[in-house]
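# Understanding the architecture of this molecule
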Amino acid sequence: MLGLGDIVMPGLLLCFVLRYDAYKRAQLISAEAGLPPPVSNFSKVTYFHCSLIGYFLGLLTATVSSEFFRAAQPALLYLVPFTLLPLLLMAYMKGDLRRMWSEPFIASGSLPSKLIGV
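Residues numbered from 1 in each chain as written. Predicted model: local features only at pLDDT ≥ 70, side-chain atom pairs only at ≥ 80, totals over all residues. Heavy atoms only, no water.

### Some points on the nonpolar core
Here is the rule we go by: Only buried Ala, Val, Leu, Ile, Met, Phe, Trp, Tyr and Cys residues count toward a nonpolar core, and they belong to the same one when joined by side-chain atoms within 4.5 Å. Only protein chains enter the accessibility calculation, which uses a 1.4 Å probe; a residue whose area is less than 20% of its type maximum is buried, one above 50% is exposed, and one in between is partly exposed. The criterion used for residue contact is that any of the two residues' heavy atoms lie within 4.5 Å.
Of all hydrophobic cores here, the largest spans 12 residues; its members are L13, L14, V17, Y20, Y23, Y47, F48, C50, L87, M90, A91 and M100. In this view, M100 contacts F16, Y20, Y47, L87 and A91; residues no more than four positions away in its chain are not counted.

### Structural notes on helix α3 (residues 47-69)
Counted only if it meets this: Only DSSP runs of H or I covering at least 4 residues are called helices, and only runs of E covering at least 2 are called strands; the numbering of each starts at the N terminus. The length a helix should cover is 1.5 Å for every residue beyond the first.
Here α3 is 23 residues long and its end C-alpha atoms lie 32 Å apart, about the 33 Å a rise of 1.5 Å per residue gives. Turning to α3, its buried residues are Y47, F48, C50, S51, G54, Y55, G58, A62 and S65. Those residues of α3 that are buried are in contact with α1 (4-29), α4 (76-94) and α5 (97-102). Positioned one or two residues after α3, R70 has a phi angle of 55°, which is positive.

### Examining the packing of α1 against α3
Operational definition: Axis lines are fitted through C-alpha atoms, for helices just across the contact stretch, and the angle between N-to-C directions can take any value from 0 to 180 degrees. The cut-offs work like this: below 35 degrees is roughly parallel, past 145 is roughly antiparallel, 65 to 115 is roughly perpendicular, and the gaps in between are oblique. By the definition used in this description, the sense in which the near helix is turned from the far one sets the handedness, with an anticlockwise turn below a right angle giving left-handed and a clockwise turn giving right-handed.
At a minimum axis distance of 8 Å, the contact between α1 and α3 shows a crossing angle of 160°. With respect to α3, the element α1 is oriented roughly antiparallel. Judged by the sense of rotation from one axis to the other, the crossing of α1 with α3 is left-handed. Mapping the contact onto sequence places D6, I7, P10, L14, V17, L18, Y20 and D21 in α1 and Y47, F48, S51, L52 and Y55 in α3.

### Section: the side chain of S65
Worth spelling out the cut-off: The term polar contact refers here to a pair of N or O atoms within 3.5 Å; inside protein, the definition further demands a hydrogen-donor-capable atom paired with an acceptor-capable atom, and it admits residues adjacent in sequence only when both atoms are side-chain atoms.
Turning to its location among the elements, S65 is positioned in helix α3. Within the local environment of S65, its side chain forms a polar contact with the side chain of Y78, the two groups lying 3.2 Å apart. If sequence neighbours within four positions are ignored, S65 has contacts with Q73 and Y78.

### A word on a nonpolar patch on the surface
Let me state the cut-off plainly: Candidate patch residues must exceed 30% relative accessible area and have no salt bridge, after which like charges are joined if within 9 Å and Val, Leu, Ile, Met, Phe, Trp or Tyr side chains if within 5 Å. What sets the accessible areas is the Shrake-Rupley method with a 1.4 Å probe; for residues, cover comes only from the shown protein chains. The term salt bridge refers to a side-chain nitrogen of Lys or Arg lying within 4 Å of a carboxyl oxygen of Asp or Glu.
Together, L2, L4, I7, V8, M9, L12, L76, V80, L84 and L88 line one region of the surface with nonpolar side chains, adding up to about 860 Å² of accessible area. Counting residues per element, the ones that place at least two in the nonpolar patch are α1 and α4. Turning to its location among the elements, L88 is positioned in helix α4.

### Brief notes about the confidence of the model for the protein chain
Selection rule: The quantity called pLDDT is the predictor's confidence in a given residue, expressed from 0 to 100.
Overall, the predicted model of the protein chain reaches an average pLDDT of 82, with 79% of residues at or above 70. Ranking the elements of the protein chain by mean pLDDT puts helix α2 (residues 41-44) last with 66 and α3 first with 94.

What follows is the structure in structure tokens.
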């Protein structure tokens, strides 16, 4: 049985990476360079799909361990590593980790780093 936190917390991460994928896609389309960069198989895999597969595998692992040990298991014990580790590894390999961590939705050079009061 899953608790509310087992659905909400990974769901927030999935919402973040879905939004980040849409942001990266919009930046790629609006790039000022005439030709888009070559698309490889690695760049076709989105962060959302990577995290969603990790979430599924984490749920599967939590269910199997619960049945194997015949005792309740904390699902977040399995969900957190199965969703975060593939996401962090993929962001590191694509070179987006630093930007995803510090300023995920700010176009480089277009906005100041401090927010301006209105």
